[in-house]
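Observations on the three-dimensional arrangement
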Amino acid sequence: MAMTEHPLRRELVHEMHLRRFAPVEAPARIVQMVCLVEESQREAEESHLASPPIDPQSSDCENRYAVLKFASGVTFLWERHTEATTITLIANGRENPTMDTLADWLAAWPAPVLRATKVVVEPSEAQAEAQLPQMGFMREDLVSCHVCSNVRVWSDFRIREDGHGRLLIAAPDREPDDLGRIVQRLQELGNYRNLALVGLPKVQRLMPQLNALEEELAAHAQALAEDTEREDEALLADLSRLSAQLARVRAENSYRMSASQAYAQIAADRLQALDVQPIDGFQSLTDFTERRLVPATRTIETFVGRVRRLSERSGDAIALLNTRIDTRIKAQNLDLLRSMES
């Protein structure tokens, strides 16, 4: 008898096999970009993806994932995420003329670039160190450590004049599939870190507005507590307006804040998977990532918590004021009835 499959079974199994990075055999050169793609830009992206400047030798394209392989040995990877696209060129060897042509194609991608990196992979630390002078790293910002036992990385995480950052990797005695997975984790750490930080500037711009709303709510709550002769209807109108402003702030920013928190958690997972081993005299990936990402994540969490608490306090004040107004109206109605009876 044939089994009865759940309608999502094969889709879920297929999902588990996505996000496979191509094998990387040192020495190698890699270019990767992460673009934030609006829904309105998806059609232009698909058109650009379908028109590479060089015809691929083979292609495997799906709705959210594509692999193009070129005769020169260059592999192109495209992956669509919820709000971003990752595009990658991988060329085994140190020189490959096709890379320049395809890199120009990547640079013309119809979406704003959030992160762009050129990665140099060498088969030994000595060969990698020979590349250091031309990498142009700033010594005071240089991060270097071992990951995944014996793979060493260097980067200062700065953007060069060509718009790309630089990452240097020494990977002795690593099989291509294994090295591809390590490169993928390293790149995902940086990609998700940047995606997590997208929410920070918005939070920083909104903080003064939130401070003002908090002060206004405190003043209204004080007026409510003092039980003054101020018109309750006017106070209710002010509280309702303030509550509506808080609801708007919450609605307009809830997705970005939730996404930032989720991306930060994924970046933390990738960092843990890399098993970072520090090297004396250098910042490690753990130092660099946590010093920048943890404060940003906590700032976003604080903002989300403040908005939630202010919304709750505003709602409580409105409920209390409504109760007071209802009580007063009932008392007035009772007085009216009594006067009619007398």
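To start, this report covers the structure provided alongside it. These numbers were taken from a predicted model, which means no experiment stands behind them.

1. Structural notes on the overall build of the protein chain
When helices and strands are counted, the protein chain shows eight helices and 10 strands. At 28 Å, the protein chain has a C-alpha radius of gyration far larger than the 20 Å of a compact globule built from 342 residues. Each principal axis of the C-alpha distribution contributes one length, and for the protein chain these read about 105 × 60 × 45 Å. Of all 342 residues assigned to the protein chain, the portion counted as buried reaches 44%. Counting only contacts in the protein chain whose residues sit at least 6 apart along the sequence, the fraction spanning at least 24 positions is 72%. Here the protein chain displays about 18,600 Å² of accessible surface, and carbon together with sulfur accounts for 51% of that area. Distance between charge centres in the protein chain, computed from 40 positive and 52 negative side chains, equals 2 Å.

2. With respect to the nonpolar core
Buried together is how nonpolar side chains tend to be arranged in soluble globular proteins. V147, I169, L186 and L285 are the most contacted members of the largest nonpolar core, which totals 40 residues. At eight residues, helix 5 (residues 176–197) tops the list of elements feeding residues into this core. Dropping the residues within four chain positions of it, V147 is found in contact with V153, I182, L186, L274, D275, V276 and L285. Core analysis: the second largest hydrophobic core is formed by 22 residues, V203, L206, L246 and A317 among them.

3. Notes on the pairing of strand 6 (residues 113–122)
Counting buried residues in strand 6 gives seven out of 10 residues, a clear majority hidden from the surface. Sheet analysis places strand 1 (residues 28–36) next to strand 6, joined by eight bridges and oriented antiparallel. Along strand 6, the bridge assignment pairs V31 with K118.

4. So, the environment of D177
Looking at where D177 falls in the secondary structure, it is placed in helix 5. As for D177 and E46, which are separated by 131 residues in sequence, their C-alpha atoms are 28 Å apart.

5. A word on the pattern of salt bridges
Taken as a whole and assessed by the stated rule, the structure comprises 19 salt bridges. Here D178 ties to R174 by a salt bridge, and the two come within 2.6 Å at their closest N and O atoms. For R174, a relative accessible area of 21% gives the class partly exposed. Each of R42, E45, E46 and R80 takes part in one network of salt bridges that share partners.

6. Overview of the packing of aromatic side chains
Summed over all chains, the structure comprises five aromatic pairs. Considering the side-chain rings of W105 and W109, the 5.6 Å spacing of their centres and the 70 degrees angle between planes classify their relative orientation as edge-to-face. No difference in accessibility class separates W105 from W109, as the two residues are buried. Measuring from centroid to centroid gives 4.4 Å for F157 and F288, while their planes differ by 15 degrees, and the two rings are stacked. Of the two residues, F157 sits in the loop between strand 8 (151–155) and strand 9 (165–170) while F288 sits in helix 8 (residues 285–341), which places them 131 residues apart along the sequence. Residue classification places F157 among the partly exposed positions, given a relative accessible area of 25%. The exposure class of F288 is buried, given its relative accessible area of 7%. A network of ring pairs unites the aromatic residues F76, W105 and W109 as a single cluster. Positioned above the aromatic ring of F282, the side-chain terminus of R152 is 5.4 Å from the ring centre.

Cut-offs used in this document
- Residues numbered from 1 in each chain as written.
- Predicted model: local features only at pLDDT ≥ 70, side-chain atom pairs only at ≥ 80, totals over all residues.
- Heavy atoms only, no water.
- Helix = DSSP H or I, 4+ residues; strand = E, 2+ residues; numbered from the N terminus.
- Rg over C-alpha atoms; globule rule 2.2 N^0.38 Å.
- Buried < 20%, exposed > 50% of the residue type's maximum accessible area, 1.4 Å probe, protein only.
- Contact = heavy atoms within 4.5 Å.
- Areas by Shrake-Rupley, 256 points an atom, 1.4 Å probe, with all protein chains shown as cover.
- Lys, Arg positive; Asp, Glu negative; His and termini not counted.
- Charge placed at Lys NZ, Arg CZ, Asp CG, Glu CD.
- Core = buried A, V, L, I, M, F, W, Y, C linked by side-chain atoms within 4.5 Å.
- Pairing = 2+ DSSP bridges.
- Salt bridge = Lys/Arg side-chain N within 4 Å of Asp/Glu carboxyl O.
- Phe/Tyr/Trp six-rings, centres within 6.5 Å; stacked < 30°, edge-to-face > 60°.
- Lys NZ or Arg CZ within 6 Å of the ring centre and 35° of its normal.

Keep in mind that these numbers describe shape and distance, not what the molecule does.
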